[in-house]
Structures are given as structure tokens and as C-alpha cells.
Amino acid sequence: MSLIIHPATSRRSLLAGAASVAAAASLPRVARAASLPTRELKLTSAPARWPIIGKPHPDTEVWCYGGRIPGPELRVRQGKSVRIIVENRLAQDTTVHWHGIRLPIAMDGVPGLTQPPIRPGESFTYEFTPPDAGTFWYHPHAHSLQQLGRGMAGALIVEEPEPVPVDRDILWVLSDWRLTSGAQIASGFGNAMEAGMSGRVGNTVTVNGAVSDEVRVRAGERLRLRLVNSSLARIMALRFEGHRPVMVAIDGQPCEPHEPEDGRLLLGPAMRIDVMLDMRGDSGRRYRVIDDFYDGLSYWLTQLAYEDKPPVRSHPLDAPRSLPRNPVPEPDLARAERHELKLQGGMMGGSAMMGMGGMMGMGHGASWAINGTSMTGDGHAGMAPLLTLQRGRSYVLSMRNDTAWWHPMHLHGHSFRVLARNGSAVPHRQWADTVLLPPKEKVDVAFVADNPGDWMLHCHVTDHQVSGMMTILRIA
Ligand code: C2O
Ligand code: CU
């Protein structure tokens, strides 16, 4: 395996950074209208070539949406219906999952389970009304390892009815790639050894589809920065040198504004964080954005490059940072029914499977399990639910990570409150749709089972999902 190109060692110069700034600066200040007809959008899945690293490296052969990496930034309105026609021009089946949106099961994009796969040359029309404002994203739920790993991902931004007072609203879709020395996507998807460990972590991280040298900013401005980790497996812990980002939303759902513990924004695959960032640095200076999640593998993602101009204001903006709440139903903890989900399997010390002895349901190619059962692949007809939940009832799921690896666990169609870690209450009880479990940790989440259907619950390290860390919760 060639691990040759790394952003820390092979920085392309200014082009990528400048392009992303130009795109961000031209974000439309959207005019508000009282009532809108259904918005219709088109999205095409197809192969393309894209300058991930930039000159002098060749373009990378990718699979993507709308001919670009990341896919088009879809901006829709909270409470307004949207219709998205997806055309499949790939040589294999696909679907689109609107990650984090609380939508009807038929629009959830799981092949076999919620819809037939979209065959090559065919289209499928998704239609839903997003109930929550926030930062969401979309990706395939068929052949996920290859399709996501080759570039199919984009952000779905649901706008608040009233604009939030910031100077600029900026999106960073962060993606991890495993590239060869010729800047092409390395083969070897679904490697069993990797599947039992960290999953396919790559060697190149991009900001909005390109290795980024800098993002230009202006002293005194307040940014709303939307971070999306669209990686197959890479977990990130971002530090902003010289800055104090304030978290205002997690997985699209507003939270009590707070600075992250130890100043690092922890983003597992599929997770999103919105931060408010006051640009308090000095004009003309540069500050690094560092990802140091993996011991000894720290690198810088990009740099905040201050223009050599006087600050746009002399005191930081004093507008409130908090975002309006979304209408997520509050679980009734006193009456909630509790269930334990044990996450099992994976390699330990390079060889043995952990806790898998004598378990049922370990199908071919399975490395992981939930409560002793492994469901593999991307979703298919006839998956038996692990639990049947009663519609309208509150539930607490205690997820216990009995493995030696990290798992970002995602529940489709719902947002849950993160209540406790290892039995201690967490400070902000934030809403989330994906919760990151460190090895050996137990996390309690609570939600109201208000959305009928067969909903997937799986690890979003794609190798883990497709090799067994997946199950179904049925809401009757
Ligand atoms: Cu983004 Cu089934 O997941
Ligand atoms: Cu996992």
C-alpha cells in the first residue's frame, strides 16, 4: 500500500485554498419568502475527474454528484418541501441517504429496505420536508465503501427561517482519500484486516474537495463554520491555533453554545459541528488548523490566512451565538424503556476477534456484531429488526463498546439526546444523530420513537458497517 501523498508533506500552493474562499465569499444572502412551492433539484451520480491535489499532479478519477467534489451544496428551507431527482450514471446501483434528516422511511435511501436500488441509467425522486434547520449531508447507501470512498458525498444545508447574524456562513466538507503516487484512488476496498481494525483511513485530507493551503479571512469578522466529516473511517480532532471556536450545533441540532473540551473539535465519520468563530487574530498573519487525533500523525488541514487589512470591527460582534431550537420531541426519561446494545468484535493485538466466541449470526466476511448478530453490507430486504419499538414511546439505548476500536454510531430518521458516558451525565446533553464511542466506553442516548419504519442503526466507519456493525430498529 502506498502512503505517499500527505497534506503535511505535499502541500499544493494557493490554488485550492483560494478557490474555496472565492466560493465561500460568494454564498448567496438568501432572500426570505413566506411560502414557496416545492423546490426541485437534480443530482447526477457519475464518474468524473477532479483536481484533488492539484498541479503538477494529475486529476483524480472519482465518482461524484453533479460532476464535482464535494457534491453540490444543496440549500433548502426548514419546513419547505423539496424534491430531488437523482439520476444514476454510474455502472452500478446506487441510492442516496439524507443523513440526519428526520424524513419518511420511504425517502431514507437504504436499498432493499426502504426503496429498490437505483439501477444504472435510472432515476429516483426523493421528496421530503426537512423539519430541522442545520448542517446535514448526503451520501450513497449502496456499495458504500467504494461510492463514498471514491468521492460521493455532499452537504445538505437546511436554512433557518430567519438568517443567523454572522458575517459569513462557510462550509468545509472534510474528506479523507487513499491516493497512489499518481494521485489516483488506491484499490483494495473492503480489505478484511482493515475492516477488523480502524477501517480504510486514507493519506490525504481535503477541504471542499482539494488539498487546502489556506482559507482567507478578515480580522474582526464572525464566521459560522459548518464542518462535515465525510470520510470513510478517519476520525478528526481539530484545533484552531490562536482561536476559540464556539460549538453551536452538533449533527445539525443546535446546542448550548460552548467551547469544546480541551479546545479540540472531535469529528468522527458522518459527524457535523457548526462553530461560531470570531476572527481575533492579527491582520497579515496565518494560523494553522491542526488535526491531531491519531498519536504521532498530526498534520495541518489548512491555515486561516488573515488579509492585510484593518479589522472589520473593533470589538467582537456581540450578537448572540445561539441558534433557534428545532422541533425535536423531548424524550420522557422517567418513563423511557431501556435497552442495551453491545458492540462486539474487531481485532485485538493484530489477531484475535474480541468477544466473538460462540456467537450466532456471524456471516461470511463479518468482523463485528451488535448483541451477537452481524448484519453485513449496505442494507437489503428481509433484515430482521433487533428491537421493535412502540411509536410515540421514549427509549434509552445504552450502547456499550466492548471492542478495542472507536465507533461513530448512527441512527437513521431520528435525533437522540446524548445523556451519559460511562454512567456520568454529559454537560450539554446535546442532540446528535451519530455518537462517537471510544473503546470500552458506554454511552446512553434517548429519543422518542416517533417515526414509523425499519431504521438502520450502524457504525459509520464504513468498513465496520459493511462487515457486521449494523442492525435495524423497527418502529411499529
Ligand atoms: Cu450516513 Cu446509514 O448512514
Ligand atoms: Cu465502528
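Up top you'll find the structure we're talking about.
Please read these numbers as outputs of a predicted model, since none were measured by experiment.

Student: Describe the overall build of the chain, with residues and values.
Tutor: Within the chain, the secondary structure is distributed over four helices and 35 strands. A buried classification covers 59% of the 476 residues belonging to the chain. About 18000 Å² of surface is accessible on the chain, with carbon and sulfur atoms providing 53% of the total.

Student: So what's going on with the environment of Pro-47? Residues and values would help.
Tutor: Along the chain, Pro-47 turns up in strand β1 (residues 39-50). Remark: the alpha-carbon pair of Pro-47 and Arg-68, spanning 21 residues in sequence, is separated by 9.6 Å.

Student: Could you give an account of the side chain of Glu-160, with specific residues and numbers?
Tutor: Note that Glu-160 resides in the loop between β8 (154-159) and β9 (168-177). A relative accessible area of 7% means that Glu-160 is categorised as buried. Side-chain polar atoms of Glu-160 contact the side chain of Arg-224, separated by 3.2 Å.

Student: Explain the environment of Ala-155 to me, using residue names and the numbers behind them.
Tutor: Within the element layout of this structure, Ala-155 appears in strand β8. On the accessibility criterion, Ala-155 (1% relative accessible area) is buried. When the C-alpha positions of Ala-155 and Gly-71 are compared, they lie 7.2 Å apart, and in sequence the two are 84 residues distant. When near neighbours in sequence (up to four residues on either side) are disregarded, Ala-155 contacts Pro-72, Glu-73, Leu-74, Phe-136, Trp-137, Tyr-138, Leu-171 and Val-173.

Student: Lay out the side chain of Gln-344 in plain terms, naming residues and giving numbers.
Tutor: Inspection of the secondary structure puts Gln-344 in strand β20 (residues 337-345). From its side chain, Gln-344 meets the backbone nitrogen of Asn-371 in a polar contact 3.3 Å long. Reaching out from Gln-344, the side chain makes a polar contact with the backbone nitrogen of Gly-372 at a distance of 2.7 Å.

Student: Break down the sheet that holds strand β14 (residues 246-250) for me, with residues and values.
Tutor: The six strands are arranged β10-β9-β12-β17-β14-β15 in an open sheet whose pairing can be described as mixed. The open sheet has two edge strands, β10 (204-207) and β15 (253-258), and neither has a second partner. Sheet twist, expressed as the average angle between the axes of neighbouring strands with direction ignored, equals 25 degrees.

Student: Please set out the packing of aromatic side chains residue by residue, giving values where relevant.
Tutor: Considering all chains together, one arrives at ten aromatic pairs under this definition. Judged by centre distance (4.8 Å) and plane angle (90 degrees), the ring pair of Phe-293 and Tyr-294 falls under edge-to-face. Among the aromatic residues, those joined into a cluster by ring pairs are Tyr-65, Trp-98, Phe-124, Tyr-126, Phe-128 and Tyr-138. Across the ring face of Trp-63, the terminal group of Arg-150 is positioned such that the distance to the ring centre comes to 5.0 Å. For Arg-200, the ring lying beneath its charged end belongs to Phe-189, and the centroid distance is 3.7 Å.

Student: Give me unusual backbone geometry: which residues, what numbers.
Tutor: The residue after Lys-55, namely Pro-56, is reached through a cis peptide bond having omega 0 degrees. Within the element layout of this structure, Pro-56 appears in the loop between β1 and β2 (60-65). Between Ile-69 and Pro-70 the backbone carries a cis peptide bond, its omega angle lying at -15 degrees. Tracing the backbone through its elements, the reader meets Pro-70 in the loop between β2 and β3 (71-77). The phi angle at Asn-371 is positive, at roughly 45 degrees, despite the residue not being glycine. Examined against the element boundaries, Asn-371 turns out to sit in the loop between β23 (368-370) and β24 (375-376).

Student: Describe the coordination of the copper ion (ligand 2), with residues and values.
Tutor: Taken together, the protein donors to the copper ion (ligand 2) comprise His-407 (ND1), Cys-459 (SG) and His-464 (ND1), at separations of 2.0 to 2.1 Å. Every donor residue of the copper ion (ligand 2) comes from the same chain, spaced as H-x51-C-x4-H. Residue classification places His-464 among the buried residues on the basis of a relative accessible area of 0%.

Student: Explain the pattern of salt bridges to me, using residue names and the numbers behind them.
Tutor: Taken as a whole, this structure holds 40 salt bridges when the rule is applied. Between Arg-89 and Glu-87 there is a salt bridge; the shortest N-O distance is 3.0 Å. Given a relative accessible area of 28%, Glu-87 falls into the partly exposed group. Its salt-bridge partner being Arg-272, residue Asp-433 comes within 2.7 Å of it at the nearest N-O pair. Within this pair, whereas Asp-433 is found in the loop between β30 (431-432) and β31 (434-437), its partner Arg-272 is found in strand β17 (residues 272-278), the two being separated by 161 residues in sequence. Classification of Asp-433 by relative accessible area gives buried; the value is 0%.

Reading the values: the criteria
Residues numbered from 1 in each chain as written. Chains lettered and ligands numbered in written order. Predicted model: local features only at pLDDT ≥ 70, side-chain atom pairs only at ≥ 80, totals over all residues. Heavy atoms only, no water. Helix = DSSP H or I, 4+ residues; strand = E, 2+ residues; numbered from the N terminus. Buried < 20%, exposed > 50% of the residue type's maximum accessible area, 1.4 Å probe, protein only. Areas by Shrake-Rupley, 256 points an atom, 1.4 Å probe, with all protein chains shown as cover. Polar contact = N/O pair within 3.5 Å; in protein donor to acceptor, adjacent residues only side chain to side chain. Contact = heavy atoms within 4.5 Å. Pairing = 2+ DSSP bridges. Axes fitted to C-alpha atoms, helices over the stretch in contact; angles between N-to-C directions. Phe/Tyr/Trp six-rings, centres within 6.5 Å; stacked < 30°, edge-to-face > 60°. Lys NZ or Arg CZ within 6 Å of the ring centre and 35° of its normal. Donors = N, O, S within 2.8 Å, 3.2 Å for Na, K, Ca; no water. Salt bridge = Lys/Arg side-chain N within 4 Å of Asp/Glu carboxyl O.

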